[in-house]
Amino acid sequence: MLEKLKKLEKQANLGLKSCNSVPDLEEWKIKFLGRKSELSLILKDIKNIDVSLKKEVGMLGNKLRIELEALYNDHLERLEPSKKEQNSSLDHFLPGREVKVGKLHPVTQTLREIKKAFSSLGFQVAEGPEIEWDKYNFDMLNIPEDHPARDMWDTMWIDEKMNSNGEKMLLRTHTSPVQARIMESQDPPIRVIVPGKCYRYEATDATHEWHFYQVEGLAVDKNLTFADLKGTLYEFAKKIFGNDTKIRFRCDYFPFVEPGVDMSIFWEGKWLEILGAGMVHPKVFEKAGYTDPNISGFAFGMGPERIAMIKHNIDDIRLFYSNDLRFLNQF
Ligand code: PHE
């Protein structure tokens, strides 16, 4: 019996060498490991074997079975790697888990387009704080306390915070305070845009959010004129809305510019206002400590949400910040 097992081992090893395909191997498996294989018969018949041999035959037989199974698996893997894994608990045919690829928020995309347009016109990008002193948000911009123009910007005040002069803190209502900060800390020439978030104490509706972005612009140099303002903003409009875009300026009032205007673009049959602008007010230069009489400049401020709404035909500003993927995935 022991001889027989040794012979079987040799035969199996030899037989395996000529297995060059999966069907060959399956046949080999049936022959040496199948229910009717010699090995199975020996193991099945073990109870009838003489007691003196029983233990040894059993041990050797089982060892051989384990060895042949391992040989089978190894060989199968060599012939067809995926076949073996099919036999294991790893299922390579399960559909994969979808990888969710993120994308930029539509307002971020618009901000980047605006930055690109102005950087091609020689403007740099600056930033300022969202929590701001009263002084920069209003005073330095020629909007003294108790001036009725303060009503143009419904303000969220931060009541505990005051600096040593008793000045109050607020959430900036526009990006214009960064104009004052820049002029306070550097001399002309200046060509800068300031993207950033702003906050207003306002009820929300389809065209108003209590938080939104603005992109401020400021250019200060010797002898800049209103023609420079118009030319710059016209180039910008063409880059954002297309080369044949028409623009229109109308008089408007902002305390920190003189003259002040708003600019509209002609879009699908209508004039739509997209920004406020004007020549920097002499009082603002004075407060910033600019004394050279040849210095002049222009400033503008726009709402990127509004620009994105026009470009993408979006009718409610609140959609941008409601975090609904059905909306966001469209951009
Ligand atoms: N800061 C103004 C606003 O929020 C916009 C503006 C900026 C107007 C710069 C003129 C010049 O309404």
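Up top you'll find the structure we're talking about.
So, here is what we can say about the structure in this document. Model, not experiment: these values are computed from the prediction.

## A few points about the layout of surface pockets
What the largest pocket holds in volume is close to 1,100 Å³. Taken together, 41 residues make up the lining of the largest pocket; nearest its centre are Glu 273, Ile 274, Leu 275, Gly 303 and Arg 306. Put simply, the parts of the chain that give the lining of the largest pocket at least two residues each are β6 (211-222), β8 (257-267), β9 (270-280), β10 (295-302) and α11 (304-312). Of the residues forming the lining of the largest pocket, the biggest block, seven residues, is contributed by β9. Classifying every residue of the lining of the largest pocket by side-chain character gives 20 nonpolar, ten polar and eleven charged.

## Some words on helix α2 (residues 22-33)
Each α-helix turn comprises 3.6 residues. Residues three or four places apart therefore point the same way. Across its twelve residues, α2 extends 15 Å between first and last C-alpha, which sits within 8% of the 16 Å expected from 1.5 Å per residue. Those residues of α2 that fall on the buried side of the exposure criterion are Val 22, Leu 25, Trp 28, Phe 32 and Leu 33. Here the buried residues of α2 occupy an arc of 115 degrees about the axis, which is enough to place them on one side. In α2, the exposed residues that point more than 90 degrees away from the buried face are Pro 23, Glu 27, Ile 30 and Lys 31.

## Quick word on the nonpolar core
Ranked by size, the top nonpolar core spans 37 residues in total, and within it Phe 118, Phe 236, Ile 274, Leu 275, Phe 300 and Met 302 carry the most contacts. Contributing elements (two or more residues each) for this core: α6 (106-119), β6, α9 (226-241), β8, β9, β10, α11 and α12 (325-328). By residue number, the principal contributor to this core is α9, which donates six residues. The contact partners of Phe 300, leaving out residues within four places of it in the chain, are Phe 118, Phe 123, Ile 193, Val 215, Glu 216, Gly 217, Leu 233, Leu 275, Gly 276 and Ala 277. Listed in part, the 25 residues of the second largest apolar core include Ile 143, Phe 256, Ala 288 and Ala 299.

## Considerations on the environment of Pro 106
Here Pro 106 is to be found in helix α6. Considered as a pair, Pro 106 and Glu 305 are 199 residues apart in the sequence and their alpha carbons are 8.6 Å apart. Excluding residues that lie within four positions of it along the chain, Pro 106 makes contacts with Phe 320, Phe 327, Leu 328 and Phe 331.

## So, the side chain of His 211
Relative to the helices and strands, His 211 is located in strand β6. For His 211, a relative accessible area of 12% translates into the label buried. Polar contacts involving the side chain of His 211 include one to the side chain of Lys 197, which spans 3.0 Å. The residues touching His 211, leaving out its near neighbours within four places in the chain, are Lys 197, Cys 198, Tyr 199 and Tyr 321.

## A look at the sheet that holds strand β1 (residues 124-125)
Strand order in the open sheet formed by seven strands is β1-β5-β6-β10-β9-β8-β7, and the pairing between neighbours is mixed. At either end of the open sheet lies a strand with only one pairing partner, and these are β1 and β7 (247-252). As defined by bridge partners, β8 adjoins β9 across nine bridges and the pair is classed as antiparallel. Paired with Met 263 across the two strands is Leu 275, which belongs to β9. Across the sheet, helix α8 (residues 177-185) is in contact with β5 (190-199), β6, β9 and β10; its angle to β5 comes to roughly 140 degrees.

## A look at the site of the ligand
Residues in contact with the ligand amount to 14 residues; listed here are only the nearest, His 174, Ser 176, Arg 200, Gln 214 and Glu 216. At a separation of 3.1 Å, an oxygen atom of the ligand approaches a polar side-chain atom of Arg 200. Judged by its atoms lying within 2 Å of the grid points, the ligand is housed in the largest pocket. Residue assignment for the shell around the ligand shows that the elements contributing at least two residues are β6, β9 and β10. Counting residues per element, the shell around the ligand draws most heavily on β10, which supplies three residues. Residue composition of the shell around the ligand, grouped by class: six nonpolar, six polar and two charged.

## Quick word on the packing of aromatic side chains
In the structure shown here, the tally under the stated rule is 18 aromatic pairs. Ring plane angle 70 degrees and centroid distance 5.3 Å describe the contact between Phe 118 and Phe 123, whose orientation is recorded as edge-to-face. Comparing Phe 118 with Phe 123 shows no difference in burial state: the two are buried. The interplanar angle of 15 degrees and the centroid separation of 4.9 Å between the aromatic rings of Phe 118 and Phe 236 together place this pair among those described as stacked. Placement of the pair is Phe 118 in helix α6 and Phe 236 in helix α9, with a sequence separation of 118 residues. The pair Phe 118 / Phe 236 is uniform in exposure class, with both members buried. An aromatic cluster of three or more residues is present, and its members are Phe 118, Phe 123, Phe 236, Phe 298 and Phe 300. Over the face of the ring belonging to Tyr 72 we find Lys 29, whose NZ or CZ atom lies 4.4 Å from the ring centre.

What counts and what doesn't
Residues numbered from 1 in each chain as written. Predicted model: local features only at pLDDT ≥ 70, side-chain atom pairs only at ≥ 80, totals over all residues. Heavy atoms only, no water. 1 Å grid on protein atoms, 1.4 Å probe; cavity = no way out; pocket = protein on both sides within 12 Å on 5 of 7 lines; lining within 4 Å. Points joined across faces, edges and corners; volume = space filled by probe spheres on them. Helix = DSSP H or I, 4+ residues; strand = E, 2+ residues; numbered from the N terminus. Nonpolar A, V, L, I, M, F, W, Y, C, P; charged D, E, K, R; others polar. Expected span 1.5 Å × (residues − 1). Buried < 20%, exposed > 50% of the residue type's maximum accessible area, 1.4 Å probe, protein only. Arc of directions from axis to C-beta. Core = buried A, V, L, I, M, F, W, Y, C linked by side-chain atoms within 4.5 Å. Contact = heavy atoms within 4.5 Å. Polar contact = N/O pair within 3.5 Å; in protein donor to acceptor, adjacent residues only side chain to side chain. Pairing = 2+ DSSP bridges. Axes fitted to C-alpha atoms, helices over the stretch in contact; angles between N-to-C directions. Near = heavy atom within 4 Å. Sits in = over half its atoms within 2 Å of the grid points. Phe/Tyr/Trp six-rings, centres within 6.5 Å; stacked < 30°, edge-to-face > 60°. Lys NZ or Arg CZ within 6 Å of the ring centre and 35° of its normal.

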